[in-house]
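An overview of the molecular structure
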Amino acid sequence: MALTLEQLNSASHADAAQMLDGLYEHSPWIAEQALNERPFKSLAHLNHAMCEVLSHAGRDAQLGLIRAHPELAGKAMVSKTLTAESTNEQTKAGLTDCTPEEFAKIQQLNADYNAKFGWPFILAVRGPRGAGYNKQQIIDAFERRLHGHPEFELQECLRNIHRIVEIRLNDKFGVEPTLGHQVWDWQEKLAEHSDPGFAEKGQLTVTYLTDAHRACAQRISHWMKDCGFDEVEIDAVGNVVGRYHPATAGAKYLLTGSHYDTVRNGGKYDGRLGIFVPMACVQQLHQQGKRLPFGIEAVAFAEEEGQRYKATFLGSGALIGDFKPEWLDQKDADGITMRAAMQHAGLCVDDIPKIQRDPAQYLGFVEVHIEQGPVLNAANIPLGVVTSINASVRYQGHVVGTASHAGTTPMHLRRDAACAVAELALYMEQRAAKDGDSVATIGQLNVPNGSINVVPGQCNFSLDLRAPTDAQRDALERDILAKLQTICERRGVHYQLEETMRAAAAPSAPEWQIRWERAVSALGVPLFKLPSGAGHDAMKLHEVMPQAMLFVRGENAGISHNPLESTTSDDMQLCVDAFTHVLNQLATETA
């Protein structure tokens, strides 16, 4: 019979320790010390308490815990001396049924890893959804992490142990993150659609109004209808809009959502998590036959990333009346204008002004998003409340020098366009670091028609500059642009720059940030506040209505814009629960 938190909180220390036996491999002291923090509000509260015990235990104790774990498909498995918990996990991952070739491969990886780091490789083999990685995924993770830095690997092993414990806690307490699984499954299914050239490689890329993009819109619209939204439409720029009506006609709506386009070879959760979390909440309301004193409008924004065209925040910008008509004449890499792409998709360009929202009809805007950074992951905290979104500016640049023979042109007589941009990149790295919290990136650097034996005569590049405040961003921008001019003059080349995006810093509305804080605290999760270095659709809505965001931690050190981007169904369940809590707060306030 499954345990309950009430039983754990009320039991004697010895009995409670017995209840938690088996969570950590041969290391009961962690759970025993964490029990001093009772009563626990939730399993997430208990799990974090144990994370804190281990965090403060010191390196020797941490290494002892790691070394108490068996190797994957190792000697303990062969000799059948694994703990019952490890046996269950390795069996579910198929490690007890390896082919001779797979077994030999894993044995070699175990030996190589131990030789490099001095401890066994730890992986939560039941994975982010709890259903288990397959053997190839395990081998891939093994090979990837074998190249890691020892200090990072030590922490990554500990993080995987915490994930193992989280799953074991669910088993002990009979908890299933059902809505987290639902959100997970939606994201996995949506990721089946990818643009040509990437789909064949198993990579996820969905850019504005491609066939894959339109297929995603159709899937989301169908799922919204299945969830019980009263109205679902695809609007004039390709946003998928679902409206769940309020209890009383004429009441205001809560606006929420995020984007469903991706960067090239990106991850499955960036943006999309913020669509599916509110969908899961509406699904619950619909199943309960429940209406709120306000409506819910969830928008899957068609474009945010600026991948196919130079326009960014196109979907959310259109909702605030900031769709620029000149964007329609922009061309993609194949020479297709945005206007032509919209017409091909069956969208009506003339209707774009009609989708502008009246802010007076809305309570505000909230967005859930994967953090896209390592902070929450490193702190072993699942949720973070966003305090502000950093200011940013982007440029597309072009430097023109003189193409010449690489063998016959002396170094001091060269007009090398690529070296000019490379020098700028090194300066940007140093300049941004001086601020401590500014960032500057050249994410695209290309020599058109470059040849191995030709001094580059042209170089195309991008600039992405971000800082916590507008003033700090502007100072960073001034210095970098001045340096570009100095470099080009000294090297005898010239440049062109086109500003493609400028976004002001977007501090969270205090009353909305507090609602997220209350929700997180009610779940027993430590309250953690942080700024967002990444831009989000909330930045655009911030221009016309109050907004606030909730972050969920990412796996694999929080990596994003990358196929390794991931989070767990347990953390996504917490997102749904937090969002539901905010809805309930608003219902009480507006009743």
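Computed from a predicted structure; not experimentally measured. (Residues numbered from 1 in each chain as written. Predicted model: local features only at pLDDT ≥ 70, side-chain atom pairs only at ≥ 80, totals over all residues. Heavy atoms only, no water.)

What the rule picks out here adds up to twelve aromatic pairs. When the ring of Trp186 is compared with that of Phe276, the centres are 5.5 Å apart and the planes differ by 35°; the resulting orientation is tilted. With Trp186 in helix α11 (residues 178–190) and Phe276 in helix α13 (residues 273–287), this pair connects stretches of sequence that are 90 residues apart. One exposure class covers both Trp186 and Phe276, and it is buried. A network of ring pairs unites the aromatic residues Tyr113, Phe117, Trp119, Phe121 and Phe142 as a single cluster. One Lys or Arg, Arg243, reaches over the ring of Tyr253 and ends 3.9 Å from the middle of that ring. One residue, Arg515, lies across the ring of Trp512, its end atom 4.4 Å from the ring centre. (Phe/Tyr/Trp six-rings, centres within 6.5 Å; stacked < 30°, edge-to-face > 60°. Helix = DSSP H or I, 4+ residues; strand = E, 2+ residues; numbered from the N terminus. Buried < 20%, exposed > 50% of the residue type's maximum accessible area, 1.4 Å probe, protein only. Lys NZ or Arg CZ within 6 Å of the ring centre and 35° of its normal.)

Turning to the pairing of strand β12 (residues 458–467), a few remarks are in order. Taken across its ten residues, β12 has eight buried, putting it largely inside the fold. Examined bridge by bridge, strand β7 (residues 391–400) and β12 share ten bridges and lie antiparallel to one another. Bridge pairing links Gly397 to Phe461 in β12. Pairing between strand β9 (residues 439–441) and β12: three bridges, direction antiparallel. Note that in β12 the partner of Val439 across the bridge is Arg466. (Pairing = 2+ DSSP bridges.)

On the secondary structure map, Ser27 appears in the loop between α2 (13–19) and α3 (29–34). Its relative accessible area of 4% is what places Ser27 among the buried residues.

Another aspect to go through is the nonpolar core. Tyr208, Ile220, Met279, Met338, Met342, Leu383 and Trp516 are the most contacted members of the largest nonpolar core, which totals 104 residues. Take this core: its biggest share by element is ten residues, from helix α21 (residues 569–590). Once residues lying within four places of it in the same chain are set aside, the contact partners of Met338 are Tyr208, Tyr309, Ala311, Leu314, Phe323, Trp327, Leu328 and Gln330. Counting residues in each nonpolar core, the second largest holds 51 residues, with Leu43, Leu54, Leu95 and Leu146 among its members. (Core = buried A, V, L, I, M, F, W, Y, C linked by side-chain atoms within 4.5 Å. Contact = heavy atoms within 4.5 Å.)

This part takes up the pattern of salt bridges. Within the structure shown, the criterion is met by 37 salt bridges. Residue Glu192 pairs with Arg219 through a salt bridge whose shortest N-O separation is 3.0 Å. Within this pair, whereas Glu192 is found in the loop between α11 and α12 (211–227), its partner Arg219 is found in helix α12, the two being separated by 27 residues in sequence. (Salt bridge = Lys/Arg side-chain N within 4 Å of Asp/Glu carboxyl O.)

Moving on: the state of the cysteines. Tallying each qualifying case throughout the model produces zero disulfides. Left without a disulfide partner, Cys157 is nearest to the cysteine sulfur of Cys51, which lies 15 Å away. Not part of a disulfide, Cys575 finds its nearest cysteine sulfur in Cys281, a span of 9.6 Å. A relative accessible area of 0% means that Cys575 is categorised as buried. (Disulfide = S-S within 2.5 Å.)

At a closest axis distance of 10 Å, the pairing of α11 and α13 adopts a crossing angle of 135°. Classified by the angle between their axes, α11 and α13 sit oblique to one another. Read as a crossing pair, α11 and α13 show a hand that is right-handed. Residue-level inspection shows Leu179, Gln182, Val183, Trp186, Gln187 and Leu190 of α11 in contact with α13, the latter providing Leu273, Phe276, Val277, Met279, Ala280, Gln283 and Gln284. (Axes fitted to C-alpha atoms, helices over the stretch in contact; angles between N-to-C directions. Parallel < 35°, antiparallel > 145°, perpendicular 65-115°, else oblique. Left-handed = near helix turned anticlockwise from the far one by under 90°.)

Turning our attention to helix α5 (residues 59–67). Within α5 the residues assigned to the buried category are Gln62, Leu63, Leu65 and Ile66. Down the axis of α5, the sector holding all buried residues measures 155°, keeping them to one side. Taken together, the buried residues of α5 touch α3, α4 (43–55) and α10 (150–173). (Arc of directions from axis to C-beta.)

In short, geometric facts, not functional conclusions.
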